[in-house]
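Examining the three-dimensional arrangement
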Amino acid sequence: MRTLLRLGVPALAPRLKELREAARETLDRMGCAPSLRDGLVLALGEAAMNVVQHGFGGGSAAGEITLEILDNAGELVFRLADNGPRADPSKVKPRDLGDLRPGGLGSHFIRQLMDETVFLPVEGTAGNLLEMRKRVSQP
Amino acid sequence: MKCEIIDHGPVRVVALGGEVDMSSSPEARRAILGVLSRSGVLVDLSQVDYIDSSGVASLVEGYQLARERRLPFGLVGVSASALMVLQLAHLHTVFPIHGSIEDALADG
């Protein structure tokens, strides 16, 4: 796999824009159609926001979020790593859209926009590594 | 994020622009709910480049409060990127969406 981007930012809400902008530029360089690019940037933004909200209680300068984008022969691989407390994947579930209420849409967006989403194993007792994959062209 | 409250005849418009994300959506929420404390609201999304689930949550809160108080609520000039997000959330068929402020006033 070829690394297209690796960028780390503090786990603070105002810094997430940097991750989104870097992802947008990377996807533009890869020739992604604007609609696909915007969807992928939204999914990455939602995943990073989940980390800030749930992993760092709304934000912490001591926390770090690192985004990696890799090219895997027609498939884009997005890895979002953080040094926060271990997440419980069973609690990361999209909600029923028929239930009209604020919040809880982020996980739904990620599932809709990515082909696969999985927490990869991480050594130690803290930290998370979320991997999202999206096929962008035929192999 | 740009967030302006504009008096437009009988309605007040909250015009959002730029990126409505986790760090800016509280301001959008305050503006929308603040207007709804006195009147109905139209939220202009024509200049929005990016809106995430936190921004959408502000719109849902506004919509629910307006219904509770029987006040008009609508979105106007929804940008392509905002519409994509509303469609993902299946909210494009829930929120009243108008092409322009004039259309919204004509639609009542």
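Here's a quick rundown of the structure. (Residues numbered from 1 in each chain as written. Chains lettered and ligands numbered in written order. Predicted model: local features only at pLDDT ≥ 70, side-chain atom pairs only at ≥ 80, totals over all residues. Heavy atoms only, no water.)

**Re unusual backbone geometry**
In the Ramachandran plot, A73 of chain A falls in the positive-phi region, its phi being about 50° despite a non-glycine side chain. By the element assignment, A73 of chain A lies in the loop between β2 (60–71) and β3 (75–85). With phi around 60°, H90 of chain B is a residue other than glycine that occupies positive phi space. Along the chain, H90 of chain B falls in the loop between α3 (80–88) and β5 (97–98). (Helix = DSSP H or I, 4+ residues; strand = E, 2+ residues; numbered from the N terminus.)

**Comments concerning the side chain of S58 of chain B**
All names here are of chain B. The topology assignment puts S58 in helix α2 (residues 53–68). Of the residues examined, S58 reaches a relative accessible area of 4% and is grouped as buried. When residues no more than four places from it in sequence are discounted, the contact partners of S58 are S25, R29 and I32. (Buried < 20%, exposed > 50% of the residue type's maximum accessible area, 1.4 Å probe, protein only. Contact = heavy atoms within 4.5 Å.)

**Digging into the pairing of strand β2 (residues 11–20) of chain B**
Taken residue by residue, a regular strand's side chains alternate between the two faces of the sheet. Residue and element names in this part refer to chain B. The element β2 is extensively covered by neighbouring structure, given that nine of its ten residues are classed as buried. Of the pairings in the sheet, the one linking strand β1 (residues 2–8) to β2 comprises seven bridges and is antiparallel in character. Along β2, the bridge assignment pairs I6 with V13. Here β1 folds back onto β2, and the loop between the two strands holds two residues, one of which, G9, carries a positive phi near 60°. Handedness of the crossover joining β2 and strand β3 (residues 41–51) through helix α1 (residues 25–36) is recorded here as right-handed. (Pairing = 2+ DSSP bridges. Right-handed = clockwise from strand over helix to strand, strands pointing away.)

**A few points about the pairing of β2 of chain A**
Residues and elements named next belong to chain A. Note: strand β1 (residues 2–11) against β2, nine bridges, orientation antiparallel. Bridge pairing in β2 places R2 opposite D71. Here β2 folds back onto β3, and the loop between the two strands holds three residues, one of which, A73, carries a positive phi near 50°.

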